[in-house]
Amino acid sequence: MVQCSNNLLGILNFFTFLLSIPILSAGIWLGKNAATECERFLDKPIVVLGVFLMFVSIAGLVGACCRVSCLLWLYLFAMFLLILLGFCFTIFAFAVTNRGAGEVISDRGYREYRVGDYSNWLQKRVNNAKNWERIRSCLMYSDVCATYRTRYSTINVEDFYKSHLNALQSGCCKPSNDCNFTYVNPTTWTKTPAPYTNEDCNVWDNKPGTLCYDCQACKAGLLDNIKTSWKKVAQINIVFLIFLIIVYSVGCCAFRNNRKRSW
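Residues numbered from 1 in each chain as written. Predicted model: local features only at pLDDT ≥ 70, side-chain atom pairs only at ≥ 80, totals over all residues. Heavy atoms only, no water.

The chain has the name Tetraspanin-7-like in an unreviewed UniProt entry, where Camelina sativa is given as its organism. As stated in UniProt under Sequence similarities (unreviewed entry), the record for the chain gives "Belongs to the tetraspanin (TM4SF) family." Per its UniProt entry, the chain bears the Subcellular location (unreviewed entry) comment "Membrane". (UniProt positions renumbered as here; feature names shortened; annotations may be inferred.)

**A word on the UniProt feature "transmembrane region" (unreviewed entry) in the chain**
Here, the residues flagged by UniProt with the feature "transmembrane region" (unreviewed entry) are residues 12-31, 46-65, 72-96 and 233-255. The straight-line gap between the two end C-alpha atoms of residues 46-65 is 28 Å; of that span, 100% is helix and 0% is strand. The distance from the first to the last C-alpha atom of residues 72-96 is 36 Å, and the span holds 100% helix and 0% strand. (Helix = DSSP H or I, 4+ residues; strand = E, 2+ residues; numbered from the N terminus.)

**Describing the nonpolar core**
In terms of nonpolar packing, the biggest core is built from 34 residues, with Leu139, Phe160, Cys172, Phe181, Trp189 and Tyr213 touching the most fellow members. Only helix 4 (120-127), helix 5 (129-141), helix 6 (144-152), helix 7 (157-162), helix 8 (167-172) and helix 10 (216-262) provide two or more residues apiece to this core. In this view, Phe160 contacts Tyr110, Tyr148, Ile155, Leu165, Lys174, Tyr183, Pro186 and Trp189; residues no more than four positions away in its chain are not counted. In this structure, Ala59, Leu76, Ile83 and Leu244 belong to the second largest nonpolar core, which totals 16 residues. (Core = buried A, V, L, I, M, F, W, Y, C linked by side-chain atoms within 4.5 Å. Buried < 20%, exposed > 50% of the residue type's maximum accessible area, 1.4 Å probe, protein only. Contact = heavy atoms within 4.5 Å.)

**Regarding the packing of aromatic side chains**
Ring pairs (aromatic) are described by centroid distance and by the angle formed between their planes. Inspection of every chain in the model, using the stated rule, returns 15 aromatic pairs. Centre to centre, the rings of Tyr110 and Phe160 are 6.1 Å apart; their planes meet at 55°, and the pair counts as tilted. Placement of Tyr110 in the loop between strand 1 (103-104) and strand 2 (111-112) and of Phe160 in helix 7 is noted, with a sequence separation of 50 residues between them. According to the relative accessible area criterion, Tyr110 is buried, its value standing at 3%. Each member of the aromatic cluster is reached from another via a ring pair, and the members are Tyr110, Tyr148, Tyr152, Phe160, Tyr161, Tyr183 and Trp189. Here the basic side chain of Arg108 rests over the ring of Tyr161, its NZ or CZ set 3.7 Å away from the ring centre. Against the face of Trp121 rests Arg125, its NZ or CZ located 4.6 Å from the ring centre. (Phe/Tyr/Trp six-rings, centres within 6.5 Å; stacked < 30°, edge-to-face > 60°. Lys NZ or Arg CZ within 6 Å of the ring centre and 35° of its normal.)

**Let's talk about the state of the cysteines**
What the rule picks out here adds up to 4 disulfides. Across the disulfide from Cys172 sits Cys218; the S-S distance is 2.0 Å. Every disulfide takes its handedness from the sign of the S-S torsion; for Cys172 and Cys218 that torsion is 85°, giving right-handed. Of this pair, Cys172 sits in helix 8 while Cys218 sits in helix 10; the two residues are 46 residues apart in sequence, bridging distant segments of the chain. Neither Cys172 nor Cys218 differs from the other in exposure class; each is buried. In this model Cys179 forms its disulfide with Cys201; the gap between the sulfur atoms is 2.0 Å. Here Cys179 and Cys201 share a disulfide; its torsion about the S-S bond, -95°, makes the bridge left-handed. Highlighted residues: Cys179 in the loop between helix 8 and strand 3 (182-185) and Cys201 in helix 9 (residues 200-203), separated in sequence by 22 residues. (Disulfide = S-S within 2.5 Å.)

Have a look at this one:
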């Protein structure tokens, strides 16, 4: 049992060390070769994660195989912090994604989205002008609306209204249903006379670089995407936390075994 827990911990950390190498390499590659700010936004977190996994796995590997108690203690402390952070993130992710859903529109295959339907924390993120400027540039670069325009360019207005658009396409690439604009093609609409009940109708422009990227509906579409993604991540994180707790338990056994041998 003594040897088993140490060997098992060593094997687990060896594979963790191997995993950290491509993660760290990906972060460094992104930092040097990213074409946009959207891609560069990911490089630092990925590098930090890679470095953290590398050092923790080395500490666990050496501590288990060479029976160095101080390294195992550092390893267990880092693992405890990781479990604690993972647990806090999971609770936070479920808390901020517990509100919000698209509004079903009569005779429409797509839904429409409102910023006010989502959690206050998420609303503050997209209503911050500096944040939205960065997000807007990322949405434009990702060609969300260019792909949408190509896919639906040949359909008539009846078929378009029956289309199942995703949240970003519905919010950013077409005007709100409240505007009652006349359909020409998926990204070209003839405006009806003002005034409008929805401020997004004033913001809409047929220019490919404008469309509804500054609309509240576009922000809400992004929030719906974030909500869906975070819920999936939180669910996966629960499985990851269970794995970490098992590894942490094995590490505790190995640490206890090392202390017994030193006595």
